[in-house]
Structure formats: structure tokens, C-alpha cells
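Okay, here's what each chain looks like letter by letter:
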Amino acid sequence: MKFVLPGGTGQVGTVLDRALTAAGHEVTVLTRRPTRPHHLAWDGVTLGRWAEAIDGSDVVINLAGRSVSCRCTAENLRAMMDSRVDSARVVGEAVAAAARPPHVWLQMSTATIYAHRFDAAQDETTGVIGGSEAGVPDYWAHSVEIAKNWERAQTEAPTPATRKVALRAAMVMSPDRGGVFDVLSRLVRLGLGGPVAGGAQYVSWIHAEDFVRAVDFLIARDDLSGPVNLASPGPLPHRDFMRALRTAWGVPAGLPATRWMAELGAFALRSDTELLLKSRRVTPGRLRSAGFTFAHPEWDAAAKHLVRRSRPPRATGNRNRTPTSRTA
């Protein structure tokens, strides 16, 4: 099949590009800075020659959007909103104008759309959309608005011949350098992988292999459209999440951090504490009801698998040594 991945050079895009190419599919990545033969230039805002790649393609997976790992200043929040809404809008324009539109358009969204809560798991039916919770920073509501507008841009696109799915994805865990698993693992190995602000907040996650398998599943299922949670069925409190990651790395303890320590660390890393402190207890209701099974449903085993994939291969001695045999 022919795939087009707008914004496909980030962590998730790299995972999908690699998996789809290995499976024998034809992949075109739309990016502002093309560096490889299958990359095409686009600006994420206006129609251009890149739209020719969408005409005649089978699947579009739009991953474009400014990284959320930044300080939540007014300028950055505006850039996060504009980059997501503009890219979804212009992808919709390209799909609508295509003589042979794709069969399905998967649009990246986020599990952050759900409310900060501890008391119950949230799937697509039971989940409460966030933005009005008490006792959380005001700017957290802006993250929810970004997600809502992101999805709305896809929903409102006039593309009747193309099925549309919004991927409400949790943190995608892969062993790739620079991804969230890599960042958390470095903290653990430095002895900083303890609970943050008590660690009661829930962490939702999905193994990269299950993310790819879920994408394949959704492409094949013509009966599924609209929002779908891409999250493992085993969200867990941050304290347990980090304990399992420490165990996987063989690190006995991790320094806990108070809220103000997390604020200082996030400031130094030019990031924000919402990524650490918001409780995301998200579960994959629609995927499981449709019959999808997870290869990595529990974090303890998934973390160990990812650590094995992250470790450099062990030296096996002198491969040029001539084997000898003993004789009696």
C-alpha cells in the first residue's frame, strides 16, 4: 500500500516509517526539512506539490505538530495549537481535492484530552473531556483545547470518501534515542527515577510495537472511525511506573522529587511539569471491544522488553578465534 506521513520525522513517525517500510509498503514523509529520498517538502499550512502524493495514496497518517516538550509560554502554546490545526486543515484540503482520495485518514491526537483524575479509568465512552478541573494550573485547559481543535479540524474536513480516525495516543514507548522512554531511562540510570509529587498520578503508555499493530488494525477495520484511544490496558500510578522501570534497568532506588523540585527540573530542561503531574488514566475501550489484543499489555514486562532492546549488544570475544576440540 501507499502511505503518506505528514510530520513523519519525529519519534512516532520514525517508528511507523521503519515498520511500514520493513513490511514492504511505499512510504512518503512530508517534512519541512527533507533529508531522505522518500521525503517531500511541505510547510504544514498551504497546499503545494506535496498534495500529489496524497492523491492516489491508500492511507494518510498525519503526525504533524510542534513538540509538547517545551515551556508552556503563550508563544509556545500558540505554536502547538497552530501547527496541529493548520496541518490537519491542509491535509483535509488535500484529501478533499484528490481525484483518488485515500481510503483512510488517521489523525494523531492525544490522551491529554481527558480530564486529570485518579478515581476511574477513562475510555472513549466513559472518559471525561478535561479543561474544567479544579485545583490544576489554568494552562492545562489550553492543552485540552489544542486537542479538541486538532480533532475538530479533521472532523470538519469535507472528505466523504475517506474514513477518518483520531488517534488519542498515550506516551509511545520505543527504545529510539531521544524518545520518552530514552529520557526516562536516563533519569533512572542517574538515580533520579523516583516518584514525582508523591507519584499517585496515573501514567498511560503504549509500547511502540502495539502502536504499530493498532494502526494496522484500524486501517483494516472499515467499521471503526472517530476517536480511538491508543493506550495499553494497564495504566498505573507514576510511583509504580517508575519502580518497574528501575527494576528493568537494575537500579535499586530513585531519588523522589517534590512538586517544586519537578518545576526546577522542568525549567532547566526547558520543558513543563504537566507531562509529569497530570493524571492520565486512559484505557483502550474501542480497540479491545473490536477484538484487538496487546502484545505488551503490562508495564513491568514491557519495560524489561524495551530495556533489552535499548542495551548495546554484548561483546562475544574474538570472533576470529579458531574453534578447537578436545580429544581423549
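Quantities reported herein were computed from a predicted structural model and do not represent experimental measurements.

Peer 1: Hey, could you go over the overall build of the protein chain for me, with residue numbers and the actual values?
Peer 2: Looking only at helices and strands, the protein chain features 11 helices and 11 strands. Considering only residue pairs separated by 6 or more positions, the protein chain has 77% of its internal contacts joining residues 24 or more positions apart. For the protein chain, the accessible surface area stands at approximately 16,100 Å², while carbon and sulfur atoms represent 53% of it.

Peer 1: With reference to specific residues and values, describe the pairing of strand β6 (residues 163-169).
Peer 2: With seven of seven residues buried, β6 lies mostly within the body of the structure. Both faces of β6 are covered, namely the face carrying R163, V165, L167 and A169 and the face carrying K164, A166 and R168. The pairing of strand β5 (residues 104-108) with β6 spans five bridges and is classified as parallel. Note on β6: the bridge partner recorded for L106 is V165. The parallel pair β5 and β6, bridged by helix α4 (residues 140-155), forms a crossover whose chirality is right-handed. Examined bridge by bridge, β6 and strand β10 (residues 226-230) share five bridges and lie parallel to one another. From the neighbouring strand, L167 faces β10, where its bridge partner is V228.

Peer 1: Lay out the sheet that holds strand β2 (residues 26-31) with the relevant residues and their values.
Peer 2: Taken together, the seven strands give an open sheet; going across it, the order is β3-β2-β1-β4-β5-β6-β10, and neighbouring strands pair in parallel fashion. With one partner strand each, in any of the chains shown, β3 (39-41) and β10 form the two edges of the open sheet. The mean angle between the axes of side-by-side strands here comes to 25 degrees, regardless of whether they run parallel or antiparallel. With three bridges connecting them, β2 and β3 associate as parallel partners. Bridge pairing links L30 to L40 in β3. Across the sheet, helix α1 (residues 11-22) lies against β1 (2-6), β2, β4 (59-62) and β5, angled at about 170 degrees from β1, the strand it touches most. Those strands touched by helix α6 (residues 208-220) are β1, β4, β5, β6 and β10, and its axis lies near 160 degrees from that of β6.

Peer 1: Just give me the short version of the pattern of salt bridges, but keep the residues and values in it.
Peer 2: Any two side chains of opposite charge can pair, on the condition that their charged atoms come close. For the structure on display, the rule yields 13 salt bridges. Between R309 and E209 there is a salt bridge, and its shortest N-O distance comes to 3.1 Å. Taken as a pair, R309 in helix α11 (residues 299-310) and E209 in helix α6 lie far apart in primary sequence, 100 residues in all. According to the relative accessible area criterion, R309 is partly exposed, its value standing at 45%. Three or more residues are tied together by salt bridges with common partners; here these are R177, D182 and R186.

Peer 1: Describe the nonpolar core, and please don't skip the residues or the numbers.
Peer 2: Counting 37 residues, the largest nonpolar core has L5, L16, I61, F211, L230 and L287 as the members making the most contacts within it. Counting residues per element, this core draws most heavily on α6, which supplies eight residues. Ignoring sequence-local partners within four residues, the contact set of L230 consists of L167, R168, A169, A170, I206, F211, A214, L218 and L287. Core analysis: the next-biggest nonpolar cluster, separate from the first, contains 19 residues, F181, L184, A248 and L306 among them.

Peer 1: Account for α6, with residues named and values stated.
Peer 2: Taking 1.5 Å as the rise per residue, α6 with 13 residues should run 18 Å; its terminal C-alpha atoms sit 19 Å apart, in good agreement. Buried within α6 we find A208, D210, F211, V212, A214, V215, F217, L218 and I219.

Peer 1: I'd love a proper account of the environment of T21, names of residues and values included.
Peer 2: Along the polypeptide, T21 turns up in helix α1. When the C-alpha positions of T21 and F3 are compared, they lie 9.6 Å apart, and in sequence the two are 18 residues distant.

Peer 1: Which residues make up α1, and what values go with them?
Peer 2: Between its first and last C-alpha, α1 extends 17 Å over 12 residues, near the 16 Å set by a 1.5 Å rise per residue. Among all positions of α1, only V12, G13, V15, L16, D17 and L20 are buried. Where α1 is buried, its residues contact β1, β2, β4, β5, β7 (171-173) and α6. Residue G24 follows α1 closely and has a positive phi angle near 95 degrees.

Peer 1: Kindly report on the environment of R89, identifying the contributing residues and their values.
Peer 2: Here R89 lies in helix α3 (residues 74-97). Separated by 43 residues in sequence, R89 and T46 have C-alpha atoms that sit 9.3 Å apart. Ignoring sequence-local partners within four residues, the contact set of R89 consists of V45 and A153. A polar contact of 2.9 Å, which involves the side chain of R89, links it to the backbone oxygen of V45.

Peer 1: Describe the side chain of N62, naming the residues involved and giving the relevant values.
Peer 2: Mapped onto the secondary structure, N62 falls in strand β4. For N62, the residues in contact, after removing those within four places along its chain, are P6, W42, S87, A88, V91, W105, L106, Q107 and M108.

Definitions and limits used
Residues numbered from 1 in each chain as written. Predicted model: local features only at pLDDT ≥ 70, side-chain atom pairs only at ≥ 80, totals over all residues. Heavy atoms only, no water. Helix = DSSP H or I, 4+ residues; strand = E, 2+ residues; numbered from the N terminus. Contact = heavy atoms within 4.5 Å. Areas by Shrake-Rupley, 256 points an atom, 1.4 Å probe, with all protein chains shown as cover. Buried < 20%, exposed > 50% of the residue type's maximum accessible area, 1.4 Å probe, protein only. Pairing = 2+ DSSP bridges. Right-handed = clockwise from strand over helix to strand, strands pointing away. Axes fitted to C-alpha atoms, helices over the stretch in contact; angles between N-to-C directions. Salt bridge = Lys/Arg side-chain N within 4 Å of Asp/Glu carboxyl O. Core = buried A, V, L, I, M, F, W, Y, C linked by side-chain atoms within 4.5 Å. Expected span 1.5 Å × (residues − 1). Polar contact = N/O pair within 3.5 Å; in protein donor to acceptor, adjacent residues only side chain to side chain.

Everything listed is a geometric property; what it means functionally is a separate question.
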